[in-house]
Amino acid sequence: MIIGSSENAIGYLNGGKIIGYPTEGVYGLGCDPWNMKTVSKIGQIKKREPNKLFLLVASKVNHLEALIDIDSISNEVISSWPGHTTWLIPAKKNVPIWLVNQENGLIAVRVSKHPIINQLCNKFNKPIISTSANLSGNNNIMNKKEFIDVFSETVDYLVEGDLGNSNKPSIIMNMITGERIR
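Every value quoted in this text rests on a predicted model; they were computed, and no experiment measured them.

Asks: If you had to explain the side chain of Ser130 to someone new, which residues and values would you point to?
Replies: As for its position among the elements, Ser130 is in strand β7 (residues 128–132). With relative accessibility at 5%, the residue Ser130 sits in the buried group. Within the structure, Ser130 has its side chain in polar contact with the side chain of Tyr21 (distance 2.9 Å).

Written out as structure tokens, the structure reads:
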């Protein structure tokens with residue numbers, strides 16, 4: 001695993017590699033969401049059930065235009081972004097199936113205010129996969145040494161930076177029903 005700047009992480013994202021990075025609350029794992037092979041590899045690394053989907057994180061709402069109808073976003077969603085709330089929103093028809101819940105057509109997206117995520121997404125010019133850096137069922141990782149101990153053999157690049165102020169992953173809400181999922 002190489003450790004460095006968000007700027008240098010972009011080559012890894014473009015090259016179909018997996019990166020680790022700090023988020024608002026925990027370390028995260030990410031990749032290019034349009035690269036099915038790499039998205040699948042994150043699931044394997046985390047030892048997740050194959051049908052469990054990942055959320056996407058962006059630095060600005062217009063990065064989500066390829067995924068959702070921006071004009072249909074509720075005021076509640078808009079007022080929570082940028083922030084630590086992920087929303088389940090109807091996906092556009094052309095979104096890759098590995099990003100969308102096939103039962104309800106929803107995709108999990110968030111606009112972050114974390115400076116590292118914003119740097120990554122602005123330089124990548126689109127959202128990235130964001131999932132907590134942990135093995136399925138284990139505690140979330142909240143320090144760099146533990147991240148390296150667990151993922152040094154499976155993650156290609158770790159972005160230097162500090163975690164935000166939260167002590168847990170993002171809240172997940174359903175925009176259609178208003179239900180809190182997590």
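Asks: I'd like a description of the layout of surface pockets, backed by residues and values.
Replies: Size it by volume and the largest pocket reaches roughly 720 Å³. Forming the walls of the largest pocket are 32 residues, and the residues nearest its centre are Arg48, Lys52, Leu53, Ile172 and Arg182. At the level of elements, β6 (106–111) and β7 are the ones that each hand at least two residues to the lining of the largest pocket. For the lining of the largest pocket, the leading source of residues is β6, giving 4 residues. Residue composition of the lining of the largest pocket, by class: 12 nonpolar, 15 polar and 5 charged. The computed volume of the second largest pocket comes to approximately 280 Å³. Around the second largest pocket, the lining is made up of 13 residues, and of these Val39, Ser40, Pro50, Asn51 and Lys52 lie nearest the centre. When the residues that make up the lining of the second largest pocket are grouped by side-chain class, the tally is 6 nonpolar, 4 polar and 3 charged.

Asks: Residues and numbers for the packing of aromatic side chains, please.
Replies: As enumerated under the stated definition, the model contains 3 aromatic pairs in all. The interplanar angle of 40 degrees and the centroid separation of 5.1 Å between the aromatic rings of Phe147 and Phe151 together place this pair among those described as tilted. With Phe147 and Phe151 both in helix α5 (residues 144–151), this residue pair falls 4 residues apart, about one helical turn. Taken together, Tyr27, Phe147 and Phe151 form an aromatic cluster joined through their ring pairs.

Asks: Let's hear about the sheet that holds strand β4 (residues 55–58): which residues, and what values?
Replies: What the 9 strands build is an open sheet, ordered β1-β8-β2-β3-β7-β4-β6-β5-β9; its pairing is mixed. Pairing within the sheet leaves two strands with one partner each, and these edge strands are β1 (2–4) and β9 (171–174). Going across the sheet, the axis of each strand differs from the next one's by a mean of 35 degrees, ignoring polarity. Across 4 bridges, strand β2 (residues 19–22) lies against strand β3 (residues 27–30) in antiparallel orientation. Counted as the bridge partner of Pro22 is Tyr27 from β3. The sheet strands contacting helix α1 (residues 6–14) are β1, β2, β3, β7 and β8 (157–159), and the helix crosses β8 at an angle near 150 degrees. Lying over the sheet, α5 contacts β1, β2, β3 and β8, oriented at roughly 40 degrees with respect to β3.

Asks: Give me the lowdown on the nonpolar core, citing residues and values where you can.
Replies: Core analysis: the largest hydrophobic core is formed by 34 residues, its most contacted members being Leu67, Trp81, Ile107, Val109 and Phe147. Put simply, the parts of the chain that give this core at least two residues each are β3, α2 (36–46), β4, β5 (85–90), β6 and α5. The next biggest cluster of nonpolar side chains, apart from the first, holds 14 residues, and it includes Tyr21, Val57, Ile117 and Ile128.

Reading the values: rules and limits
- In every chain, residue numbers begin from 1 and rise along the written sequence.
- Totals for whole chains, interfaces and linings use all residues, but because this is a predicted model, local features are given only for residues with pLDDT of at least 70 and pairs of side-chain atoms are given and counted only at 80 or more.
- Heavy atoms throughout the structure, all of them, feed into the side-chain values; hydrogens and water do not.
- Runs of H or I in DSSP of at least four residues are treated as helices and runs of E of at least two as strands, each being numbered from the N terminus.
- Each residue gets one of three labels from its accessible area relative to the maximum for its type: buried under 20%, exposed over 50%, partly exposed in between, using a 1.4 Å probe on protein chains only.
- We define a polar contact as two N or O atoms separated by no more than 3.5 Å, with the added condition that, inside protein, one atom must be a possible hydrogen donor and the other a possible acceptor, whereas residues neighbouring each other in sequence contribute only through side-chain atom pairs.
- A 1.4 Å probe that fits but cannot get out identifies a cavity on a 1 Å grid over protein atoms alone, an open set with protein on both sides within 12 Å along at least five of seven lines counts as a pocket, and a residue lines either if it has an atom within 4 Å of a point.
- Grid points are joined across faces, edges and corners, and a volume is the space filled by probe spheres set on the points.
- Amino acids outside the nonpolar list (Ala, Val, Leu, Ile, Met, Phe, Trp, Tyr, Cys, Pro) and the charged list (Asp, Glu, Lys, Arg) are all regarded as polar, and Gly is one of them.
- Only Phe, Tyr and Trp rings are paired, with Trp represented by its six-membered ring, and only when their centres lie within 6.5 Å; those with planes under 30 degrees apart are stacked, over 60 edge-to-face, the remainder tilted.
- At least two DSSP bridges between two strands are required for those strands to pair.
- As a rule, the C-alpha atoms of each element are fitted with a line to give its axis, helices using only the stretch in contact, and angles between N-to-C directions run from 0 to 180 degrees.
- Only heavy atoms enter the contact rule, under which two residues are in contact if any of them lie within 4.5 Å.
- In this description, a nonpolar core means a group of buried Ala, Val, Leu, Ile, Met, Phe, Trp, Tyr and Cys residues linked to one another through side-chain atoms lying within 4.5 Å.

These figures capture arrangement, not role.
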